[in-house]
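The residues making up each chain are set out below.
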Amino acid sequence: MDTDVDDTCKAGGEGEKGKPIVVLLMGAPGSGKSTFCDQVIRSSARPWVRICQDTINNGKSGTKVQCLKNAARALKEGKSVFIDRCNLEREQRVDFMRLGALQVEMHAVVLDLPAKLCVSRSVKRTDHEGNLQGGKAAAVVNSMLRKKELPKLSEGFSRIVFCQNESDVQAALDTYIGLGALDTLPHGCFGQKNPDAKVQLGIMKFLKKVDVPSNARSNASRGQDSAPPESTEVKNPICEGRENISSLSDTAGEEGKISDDLVVDSVNQNSSLNDVPTLAFPSISTSDFQFNHEKASDIIIEKVEEFLYKLGNARLVLVDLTHGSKILSLVRAKAAQKNINPKNFFTFVGDITRLHSRGGLHCNVIANAANWRLKPGGGGVNAAIFSAAGPALEVATKEQAKSLSPGNAVVVPLSSASPLHSSEGVTHVIHVLGPNMNPNRPNCLDGDYLKGCKILRMAYTSLFEGFLSVVRSQEKLPKGSIEKIGSKPSVLLGHSKDAPKIFSLKSDQKIKRDGVYEHERSKKCKGSQNEVGSDINVSRAGKVNANNDNTGGSNSKVWASWAQALYNIAMHPEKHKDDLLEITDDFVVLNDLYPKAKKHILVLARCDGLDHLADVSKEHLQLLKMMHAMGLKWAEKFLLEDASLVFRLGYHSVPSMRQLHLHVISQDFDSKHLKNKKHWNTFTTAFFRDSVDVIEEISNHGKATLMDEESVLLMELRCHRCRSAHPNIPRLKSHITNCRAPFPANLLQNGRLVLAPSDT
Ligand code: AMP
């Protein structure tokens, strides 16, 4: 590798100056990471700190968190930092990449030296800080190299230097030693010998002396990949699968014993990543629709957090084109603050239509920031996705919906005829429409962020629900029936003609009929922003009447993914134990996530196949009685804390969420979550079936009387105490805060109301 010491942009020149740098060193034990740090620290004019987990704890081995804390402290003091750790796997790097949020430059120096050399060095050493020496070192080096994942710019690095021999290492040393406190280095990827590697040259154009790596020079001279302007897509320099295999094969050549295993492992590793359901989504409304970035990033984090626990191993990835993306860096920083698990949610720089081919990231679902007509054009991500997907997407979109209203999303299965499917492995596109703050675009909200935020929340909810529904539908398929992007495109093409069937009938029909996702809480906003047609109805509860889906366990109902949250809790309470009030073999007791009163809890049955009251028969009588007893116990506990409360225990005739659950709800209805007629009427009309009555009816007739859900919205808004009628929720709410009328006589009978014992 040519030395790039002369690329340094000296103080006083153009460009950003004087940012501290974090250099993640990467390499097997024995590759010379610590020596590299020591040499730079000894000779550089810039203040450097070496962070090493083997010594972080007062000279003893410590934790990654300690490393991160010390690194952050040094950076705040204006020092640059070496992270001296093997960092060979992407996941091991992720936490350190969060340091990028501190307005620093993130560099990688990869000491990709022959395995044989690393092994022989580490075997010989006698005073290693981490005590990795002698015979065991060889095994550790080999095992680490098996897992090697070379770094990519898209992980958040602005500069990556690969050193594949000792002279490369010396050149890199010279570069960092010569770097003054205010100097910067060119961005891009240097020293990669893969002929396909693309180099991010943009910034180099602006430097006085540009030392272009030889492979980039030859590509440029052939007219390929000539330097893009800084603002364009950051090209990923490495095709991950191929690069890993080829470089590991090189290593294997020198380390014959490990060669075959390494190649096989590398392939397996890639294909297992391809199996992880992943949604790539652009930031909604922040570009052309000019939504405030701070607010938008808060909402993204809020919604991601809300959905994380439902995701299982599925991943959400926020994508933008450039490393300079403000929304990406805001979201990254906020995700780090909230300790969001980077396995489930991370940001990625790249073109959303080429994440697999260019970035090595397989996303089976991508989101499109669509227009309300669901048509191509307009520029931005919408134009890019429609263009990359070809006519197949337009045709499939039309089958699902003709238009979209803000806050909603529509899931569109993509046939194998689409290049986005065949080359990138995208099986579904989810169109989503966010709020518009741009006066030059239709339905501008004129700066009304109250409404805007509501709609943006709805948009993300609808998007993530749509994704979950795809994930669940794929989970139900026999293993291997989901197409994989693998190392053999011919296999993919062979399978792909069957692709539309993958989501056919069972899950697909659900998606088709129920393809527009909107959140329960969205109804009030619906139509308030814009009148463009939402011509697809969603039933209360994410249920549709398709009788050919087994998403739900009973009565041939289909439950949307978001309506399964309680079911998931009932089946796996151990996963949610921090959020639950009580777990027994038969029940789970939990706070209602959107309580409609001061106290509102749910007693959830744990047996599978009992989705709702309509499934209940005489054989469940004992269970109903036990649920009632459990509800009473909790109501009484609350009454001890606040004797002014009054409780009702009951079931919704037609619940919105799957899995039989008993509501235990205080009758103050003092809650910000109680927002609309549906909320009110489902708790205060005959739609709410008192537990005592249900038990009696089941016992006498084997089934409970249920009121249909349509009637709920036809009924007036009436005070649950004095029965006076009110024109809207705000008026009703202000009335009930003061109404002290006695409860209607029917509620005072049969123990339907649960009150604190009177003193007398
Ligand atoms: P129902 O309409 O009878 O199905 O009521 C479902 C209840 O579950 C509603 O009161 C929701 O506010 C509540 N809810 C929805 N999602 C969750 C969740 N993840 N955890 C706890 N409660 C939830």
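What follows concerns the packing of aromatic side chains. A full pass over the atoms with the stated rule returns 13 aromatic pairs. Considering the side-chain rings of Trp-48 and Phe-82, the 4.2 Å spacing of their centres and the 15° angle between planes classify their relative orientation as stacked. Residue Trp-48 is located in strand β2 (residues 48-52), and its partner Phe-82 is located in strand β3 (residues 80-84); the two are separated by 34 residues in the primary sequence. Taking relative accessible area as the criterion, Trp-48 reaches 9% and is therefore assigned buried. Ring plane angle 50° and centroid distance 5.9 Å describe the contact between Trp-634 and Phe-638, whose orientation is recorded as tilted. Taken together, the residues span about one helical turn, with Trp-634 and Phe-638 both in helix α21 (residues 621-641) at a distance of 4 residues. In this pair, the class of Trp-634 matches that of Phe-638, namely buried. One aromatic cluster is present, built from ring pairs that chain together Phe-36, Trp-48, Phe-82 and Tyr-176. The ring centre of Tyr-567 lies 3.6 Å from the NZ or CZ of Arg-658, which sits over that ring.

With that settled, consider the packing of helix α10 (residues 293-308) against helix α11 (residues 326-337). Across the interface, α10 lies against α11 with an axial gap of 9 Å and an inter-helix angle of 45°. Put simply, α10 runs oblique to α11. Crossing angle aside, the handedness with which α10 passes α11 is right-handed. Contacts between α10 and α11 involve His-293, Glu-294, Ala-296, Ser-297, Asp-298, Ile-300 and Ile-301 on the former and, on the latter, Lys-326, Ile-327, Leu-330, Val-331, Lys-334 and Ala-335. Of the residues assigned to the contact of α10 with α11, the class counts are 7 nonpolar, 2 polar and 4 charged.

Here the focus is the environment of Cys-444. One can find Cys-444 in the loop between β12 (428-432) and α16 (449-475). As a C-alpha pair, Cys-444 and Phe-289 span 155 residues in sequence and 8.4 Å in three-dimensional space. The residues touching Cys-444, leaving out its near neighbours within four places in the chain, are Asn-436, Met-437, Asn-438 and Pro-439.

What follows deals with the pattern of salt bridges. Across all of its chains, the model carries 20 salt bridges by this definition. Notably, a salt bridge pairs Lys-79 with Glu-77, separated by 2.9 Å at the nearest N-O pair. Residue Lys-79 is classed as partly exposed on the basis of its relative accessible area of 29%. Note that Glu-716 and Arg-718 form a salt bridge whose closest N and O atoms lie 2.9 Å from each other. Residue Glu-716 is classed as partly exposed on the basis of its relative accessible area of 47%.

In the neighbourhood of the ligand, 18 residues make up the surrounding shell, with Asp-592, His-652, Ser-656, Met-657 and His-663 lying closest. Backbone polar atom of Met-657 to an oxygen atom of the ligand: 2.8 Å apart, as the coordinates give it. Between the ligand and His-661 there is a distance of 2.8 Å, counted from an oxygen atom to a side-chain nitrogen or oxygen. The fraction of the free accessible surface of the ligand (500 Å²) that becomes covered by protein chains is 95%. Put simply, the parts of the chain that give the shell around the ligand at least two residues each are α20 (565-571), β17 (587-591), β18 (600-605) and β20 (661-666).

Moving on: empty space enclosed by the protein. Scanning all chains against the criterion turns up 13 cavities of 30 Å³ or more. Here the largest cavity defines a volume of roughly 260 Å³. Around the largest cavity sit 18 residues that line it, and Val-94, Met-97, Arg-332, Phe-346 and Thr-347 are the ones nearest its centre. For the lining of the largest cavity, the secondary structure elements donating two or more residues are α3 (90-97), α11 and β9 (345-349).

The next thing to look at is helix α25 (residues 729-738). Those residues of α25 that fall on the buried side of the exposure criterion are Ile-729, Leu-732 and Ile-736. Each buried residue of α25 sits inside an arc of 60° when the element is viewed along its axis, so together they form one side. Facing away from the buried surface of α25 by more than 90 degrees, the exposed residues are Pro-730, Arg-731 and Asn-738. For α25, the secondary structure elements touched by its buried residues are α22 (677-684), β22 (717-718) and β23 (725-726). The N-terminus of α25 is capped by Asn-728, whose side-chain oxygen sits 2.9 Å from the backbone nitrogen of Arg-731.

Counting residues in hydrophobic clusters, the biggest one holds 41 residues, and the most contacted among them are Phe-281 and Phe-345. The greatest single-element share of this core, amounting to 11 residues, is contributed by α16. Filtering out sequence-adjacent residues up to four positions away, Phe-345 remains in contact with Phe-281, Ile-300, Ile-301, Val-304, Leu-308, Leu-316, Leu-318, Val-331, Ala-335 and Ile-340. Formed by 29 residues, the second largest nonpolar core is a distinct cluster that contains Val-603, Leu-613, Leu-624 and Val-694.

Between helix α13 (residues 380-389) and helix α14 (residues 391-400), whose axes approach to 5 Å, the crossing angle comes to 105°. Put simply, α13 runs roughly perpendicular to α14. Two secondary-structure elements touch here, α13 through Ile-385, Phe-386 and Ala-389 and α14 through Pro-391, Ala-392, Leu-393, Glu-394 and Thr-397. For the contact of α13 with α14, the class distribution of residues is 6 nonpolar, 1 polar and 1 charged.

Let us look at the sheet that holds strand β4 (residues 105-111). Spatial ordering of the open sheet is given by β2-β3-β1-β4-β5-β6, a layout of 6 strands whose pairing is parallel. Here the strands that pair on one side only, and so sit at the sheet edges, are β2 and β6 (188-190). Across the sheet, the axes of successive neighbouring strands diverge by a mean angle of 15°, strand direction being ignored. Sheet topology places β4 next to strand β5 (residues 159-163); 5 bridges connect them, and they run parallel. Following the sheet pairing, Val-110 is matched in β5 by Phe-162.

Next up on the list: the confidence of the model for the protein. For the protein, the average pLDDT comes to 76, and 74% of its residues sit at 70 or higher. Ignoring residues within four places in sequence, the model shows residues 10-16, a span with pLDDT below 50, making 10 contacts including any to other chains. When the criterion is pLDDT under 50, residues 518-556 qualifies, and its contacts beyond four places in sequence or with other chains add up to 114 contacts.

For the rest of this paragraph, the subject is the pairing of strand β8 (residues 315-320). Looking down a regular strand, the side chains alternate between one sheet face and the other. Counting buried positions over the 6 residues of β8 gives 5, a clear majority of the element. Judged from the 5 bridges that link them, strand β7 (residues 278-282) and β8 form a sheet pairing that is parallel. The residue of β8 that forms the bridge with Phe-281 is Leu-318. The parallel pair β7 and β8 is bridged by α10, and the resulting crossover is right-handed. Here β8 runs beside β9; their pairing, made up of 5 bridges, is parallel. Paired with Val-319 across the strands is Phe-348, a residue of β9. A crossover connection joins β8 to the parallel β9 through α11; in handedness this β-α-β unit is right-handed.

A full pass over the atoms with the stated rule returns 0 disulfides. With no disulfide of its own, Cys-722 has Cys-719 as its nearest cysteine by sulfur position, at a separation of 3.7 Å. Since its relative accessible area comes to 34%, Cys-722 is described here as partly exposed.

So, about the side chain of Asn-681. Tracing the chain through its elements places Asn-681 in helix α22. Looking at Asn-681, its side chain comes within polar contact range of the main-chain oxygen of Val-712, at 2.8 Å. There is a polar contact of 3.1 Å between the side chain of Asn-681 and the backbone oxygen of Met-715. If we ignore the near neighbours within four places in the chain, the residues touching Asn-681 are Phe-687, Val-712, Met-715, Glu-716 and Leu-717.

Thresholds applied
Starting from 1, residues in each chain are numbered consecutively following that chain's sequence as written. Under the rules for a predicted model, residues below a pLDDT of 70 receive no local features and side-chain atom pairs below 80 are neither given nor counted, while totals for whole chains, interfaces and linings still include all residues. As a rule here, side-chain values come from all non-hydrogen atoms in the structure, and water together with hydrogens is ignored. Each aromatic pair joins two rings of Phe, Tyr and Trp (for Trp, the six-membered one) with centres within 6.5 Å, and gets the label stacked for planes under 30 degrees apart, edge-to-face for over 60, and tilted for any other angle. The numbering of helices and of strands both runs from the N terminus, where a helix is a DSSP run of H or I of at least 4 residues and a strand a run of E of at least 2. Each residue is assigned to one of three classes by its accessible area relative to the maximum for its type, calculated with a 1.4 Å probe on protein chains only: buried under 20%, partly exposed between the two thresholds, exposed over 50%. The rule is short: NZ of Lys or CZ of Arg within 6 Å of the ring centre and within 35 degrees of the ring normal puts a charge over the ring. The angle between two axes is taken between their N-to-C directions and runs from 0 to 180 degrees, where each axis is a line fitted to C-alpha atoms and a helix contributes only its stretch in contact. Each angle gets one of four labels, with under 35 degrees taken as roughly parallel, over 145 as roughly antiparallel, 65 to 115 as roughly perpendicular, and the rest as oblique. For any helix crossing, the convention is left-handed if the near helix is rotated counterclockwise from the far helix by under a right angle, and right-handed if that rotation is clockwise. In this description, contact between two residues means that some pair of their heavy atoms is separated by no more than 4.5 Å. Residues are sorted three ways: Asp, Glu, Lys and Arg are charged, Ala, Val, Leu, Ile, Met, Phe, Trp, Tyr, Cys and Pro are nonpolar, and all the rest, Gly among them, are polar. Salt bridge, as applied in this entry: a Lys or Arg side-chain nitrogen positioned within 4 Å of an Asp or Glu carboxyl oxygen. One heavy atom suffices: a residue is near a molecule or strand as soon as one of its heavy atoms comes within 4 Å of it. Contacts described as polar in this section are N or O atom pairs within 3.5 Å, which, within protein, must combine one atom able to donate a hydrogen with one able to accept it, while residues neighboring in sequence count only if both atoms come from side chains. Where accessible areas are quoted, they stem from the Shrake-Rupley method and a 1.4 Å probe; at the residue level, only the protein chains shown are allowed to cover. A cavity here means a set of points on a 1 Å grid, drawn over the protein atoms and nothing else, where a 1.4 Å probe fits but cannot get out; a pocket is an open set with protein on both sides within 12 Å along at least five of seven lines, and a residue lines either one if it has an atom within 4 Å of a point. Grid points are joined across faces, edges and corners, and a volume is the space filled by probe spheres set on the points. An arc is given here, and it is the one of the directions from the helix axis to the C-beta atoms. What is meant by a nonpolar core is a set of buried Ala, Val, Leu, Ile, Met, Phe, Trp, Tyr and Cys residues, joined one to another through side-chain atoms within 4.5 Å. The pairing criterion for strands is at least two bridges between them, as found by DSSP. Across the chain, each position has a pLDDT score giving the predictor's confidence in that residue, from 0 to 100. We call a crossover right-handed when, viewed with both strands directed away from the observer, the connection leading from the first strand over the helix to the second proceeds clockwise. In this description, a disulfide is simply a cysteine sulfur pair whose atoms lie within 2.5 Å.

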